[in-house]
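Summary of the model geometry
Residues per chain are reported as follows:
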Amino acid sequence: ALSYTWGDSSLLPGQIIVDGETVEIPANLEVFLKKLRCSDKVRVLYADAICIDQRDNREKGCQVQMMHEIYERATRVLSWLGPGSLGTEVFFERAITTVGYDPSSTLGSEPEGELLMETLATDIVRLSYWKRAWTVQECLHANNIVFYCGSMNATWEQFMNLHDMVTSH
């Protein structure tokens, strides 16, 4: 299942072909789908903007009631935090190379710890993804989550290990 914000509605919508028909989707979803595209294999993905008929309010209402189940039962939830920045690239790179959280461990140099803390506080926590109740709920219901930001991705465990290290120092 995909977790993402629909993004700025003033942007031109993206397009995807579903069963031979062109379907408009949020531009932010189009960016994420292109990032996830695998030319050598088939992927089965759930994206609400595609899987729920957005013109049918009754269907939308029924589907919204099932969202927690969809994200709980998903094999994996892929969360698109957005295009990222140089700071988020550094944070995610460090997250995927940090093995386990040890309260006695250090982040290396003090400037590195300060940079990671500033990146967490300004470039990651302030992303629109964390300001939407739906996306936060999707994260909380997920059993296996991978965060994508810019060209990087990290599992929940990798992300939280570094988060805990940064915030405990």
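Here, every reference points to the structure presented above.
If you're wondering where the values come from, they're calculated on a predicted model, not measured in any experiment.

Parameters at a glance
- Residues numbered from 1 in each chain as written.
- Predicted model: local features only at pLDDT ≥ 70, side-chain atom pairs only at ≥ 80, totals over all residues.
- Heavy atoms only, no water.
- Pairing = 2+ DSSP bridges.
- Helix = DSSP H or I, 4+ residues; strand = E, 2+ residues; numbered from the N terminus.
- Contact = heavy atoms within 4.5 Å.
- Axes fitted to C-alpha atoms, helices over the stretch in contact; angles between N-to-C directions.
- Core = buried A, V, L, I, M, F, W, Y, C linked by side-chain atoms within 4.5 Å.
- Buried < 20%, exposed > 50% of the residue type's maximum accessible area, 1.4 Å probe, protein only.
- Salt bridge = Lys/Arg side-chain N within 4 Å of Asp/Glu carboxyl O.

Comments concerning the sheet that holds strand β4 (residues 77-82)
Spatial strand order, β1-β4-β5-β6: 4 strands in an open sheet with mixed pairing. Each edge of the open sheet is held by one strand with a lone partner, namely β1 (2-3) and β6 (152-155). Summarising the sheet, β1 and β4 pair through 2 bridges and their orientation is parallel. For L2, the partnering residue across the bridge sits in β4 and is L78. Relative to β6, helix α4 (residues 86-97) is tilted by about 40°, and along the sheet it contacts β4, β5 (145-149) and β6.

A look at the nonpolar core
One finds Y46, Y71, V77, L81, F91, F92 and F147 to be the most contacted residues of the largest nonpolar core, which totals 27 residues. Mapped by element, the contributors of at least two residues to this core are α3 (57-73), β4, α4, α5 (110-124), β5, β6 and α7 (156-168). The contacts of V77, once residues within four sequence positions are left out, are A1, S3, Y71, A142, N144, I145 and V146. In this structure, Y4, I25, A49 and V146 belong to the second largest nonpolar core, which totals 13 residues.

Brief notes about the environment of T167
By secondary structure assignment, the location of T167 is in helix α7. Along the sequence, T167 and A121 sit 46 residues apart, while their C-alpha atoms lie 9.8 Å from each other.

Observations concerning helix α1 (residues 27-36)
All of the buried residues along α1 are A27, N28, L29, F32, L33 and L36. The inward-facing, buried residues of α1 contact β1, β2 (14-18), β3 (21-25), α2 (48-51), β4 and β5.

What to know about the pattern of salt bridges
Scanning all chains against the criterion turns up 3 salt bridges. E69 is the salt-bridge partner of R73, the closest N and O atoms lying 3.4 Å from each other. Pair noted here: R73 and E69 are both in helix α3, with a separation of 4 residues, about one helical turn.

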